[in-house]
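# Structural overview
One letter stands for each residue in the lines below.
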Amino acid sequence: MASDASRPRASDAHPGPWHAPTSGTTVLAAALMIFGGVMAIFEGIAAIAKDDLFLATRHYVFEFSLAGWGWVHLILGIVLVLAGCAVIGGALWARFFGVAVAGLGAIANFLWVPYYPLWALVLVAVNIFIVWALCTGMHREADAGPTA
C-alpha cells in the first residue's frame, strides 16, 4: 500500500510567500515596547496632572513646561504600545517603526532626566534595549531563511 508521505503535496509544489517566525529577541522587544509605552503613558499623565512627584529644576539647558513634556511622553507611550502590539502580531513595518519610536523615546527620556532621574534613566535603558533587540531579532530571522 502506498503512503501519502511519498507524494508531493500541492502546497509544497507552489510554496507561498515566506514569513519569518518571530525570534525570542523580537518577542522580548515587543514586550518591552508595551512595558515602556505604558510607563511613558503613566509618566505623561502624571506630568499633565502636575503631580508633586516631579522636581522642578531651574537653569537647566532643556527647560520646557512640565505639561508639554507630559503630552510628549503620553503620545510617545501610546504609539510605542501600539507598535509593540503590531510587532507581536508579526508586522514587519512595526519593527522599523518601533526602532524609530524607541529611539525618540530614549531621547525624550534623556531630556526628562532633571524632572525624575531614576525613572528617566530606566526608560532610556529600556528604549535602547528595544532598539537593540528589534535590530538583532530582524538580523537573526533573516539569517534563518525559509524553513521548508
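Residues numbered from 1 in each chain as written. Predicted model: local features only at pLDDT ≥ 70, side-chain atom pairs only at ≥ 80, totals over all residues. Heavy atoms only, no water.

Right, let's talk about the overall build of the protein chain for a bit. Helix and strand counts for the protein chain come out as five helices and zero strands. Helices and strands in the protein chain line up, N terminus first, as α-α-α-α-α. For the protein chain, buried positions account for 39% of its 148 residues. Intrachain contacts of the protein chain at a sequence separation of at least 6 include 78% that bridge at least 24 residues. Within the structure as shown, the protein chain displays about 9,000 Å² of accessible surface, and the carbon and sulfur contribution to it stands at 72%. (Helix = DSSP H or I, 4+ residues; strand = E, 2+ residues; numbered from the N terminus. Buried < 20%, exposed > 50% of the residue type's maximum accessible area, 1.4 Å probe, protein only. Contact = heavy atoms within 4.5 Å. Areas by Shrake-Rupley, 256 points an atom, 1.4 Å probe, with all protein chains shown as cover.)

This next bit is on the packing of aromatic side chains. Under the criterion given, the structure shown has four aromatic pairs. Summarising the aromatic geometry, the rings of Trp-93 and Phe-97 are spaced 6.3 Å apart at their centres and angled 50° between planes, so their arrangement reads as tilted. Of this pair, Trp-93 and Phe-97 are both found in helix 4 (residues 92-111), four residues apart, which corresponds to roughly one turn of the helix. (Phe/Tyr/Trp six-rings, centres within 6.5 Å; stacked < 30°, edge-to-face > 60°.)

This brings us to the confidence of the model for the protein chain. Caution is warranted with low-pLDDT regions, since their predicted coordinates should not be read in detail. Here the protein chain averages 79 in pLDDT, while 68% of its residues score no lower than 70. At the low end of the mean pLDDT range in the protein chain sits helix 1 (residues 10-13), at 51; at the high end sits helix 4, at 92. In the predicted structure, residues 14-21 sits below a pLDDT of 50 and forms six contacts with residues beyond four places in sequence or in another chain. (pLDDT = per-residue confidence, 0-100.)

Below, the discussion takes up the side chain of Asn-127. Along the chain, the position of Asn-127 falls in helix 5 (residues 117-144). Other than its neighbours up to four places away in sequence, Asn-127 contacts Leu-80, Ala-102, Gly-105, Ala-106 and Asn-109.

A separate point is helix 2 (residues 24-48). Each turn of an α-helix holds 3.6 residues, which means side chains three or four residues apart point in the same direction. Taking 1.5 Å as the rise per residue, helix 2 with 25 residues should run 36 Å; its terminal C-alpha atoms sit 36 Å apart, in good agreement. Of the residues trailing helix 2, Lys-50 is marked for its positive phi of about 55°. (Expected span 1.5 Å × (residues − 1).)

Here the focus is the packing of helix 3 (residues 66-88) against helix 4. At a minimum axis distance of 9 Å, the contact between helix 3 and helix 4 shows a crossing angle of 155°. As summarised for this structure, helix 3 and helix 4 are arranged roughly antiparallel, according to the angle between their axes. The interaxial crossing formed by helix 3 with helix 4 has left-handed handedness. Taken together, the residues of helix 4 that come into contact with helix 3 (itself represented by Trp-69, Val-72, His-73, Leu-76, Val-79, Leu-80, Ala-83, Ala-86 and Val-87) are Trp-93, Ala-94, Arg-95, Phe-97, Val-101, Ala-102, Leu-104, Gly-105, Ala-108, Asn-109 and Leu-111. Of the residues in the contact of helix 3 with helix 4, the class split is 16 nonpolar, three polar and one charged. (Axes fitted to C-alpha atoms, helices over the stretch in contact; angles between N-to-C directions. Parallel < 35°, antiparallel > 145°, perpendicular 65-115°, else oblique. Left-handed = near helix turned anticlockwise from the far one by under 90°. Nonpolar A, V, L, I, M, F, W, Y, C, P; charged D, E, K, R; others polar.)

The next thing to look at is the nonpolar core. Across soluble globular proteins, nonpolar side chains have a tendency to be buried as a group. With 24 residues, the main nonpolar core has Met-33, Trp-69, Val-87, Ala-94, Trp-112, Ile-130 and Leu-134 as its most contacted residues. If you list the elements that add at least two residues to this core, you get helix 2, helix 3, helix 4 and helix 5. (Core = buried A, V, L, I, M, F, W, Y, C linked by side-chain atoms within 4.5 Å.)

Its 23 residues give helix 3 an end-to-end C-alpha distance of 33 Å, which sits within 8% of 33 Å, the value for a rise of 1.5 Å per residue. Following helix 3 by one or two positions, Gly-90 adopts a phi angle in the positive range, close to 95°.

This part takes up the environment of Gly-24. Examined against the element boundaries, Gly-24 turns out to sit in helix 2. In this structure the C-alpha to C-alpha distance between Gly-24 and Ala-133, which are 109 residues apart in sequence, comes to 9.3 Å.

With that out of the way, let us pick up a nonpolar patch on the surface. Among the surface-exposed residues, Leu-28, Phe-129 and Trp-132 lie close enough to one another that they form a single nonpolar patch of about 280 Å² accessible area. On the secondary structure map, Leu-28 appears in helix 2. For Leu-28, a relative accessible area of 40% corresponds to the partly exposed category. (Patch = residues over 30% accessible without salt bridge, like charges linked within 9 Å, V, L, I, M, F, W, Y side chains within 5 Å. Salt bridge = Lys/Arg side-chain N within 4 Å of Asp/Glu carboxyl O.)

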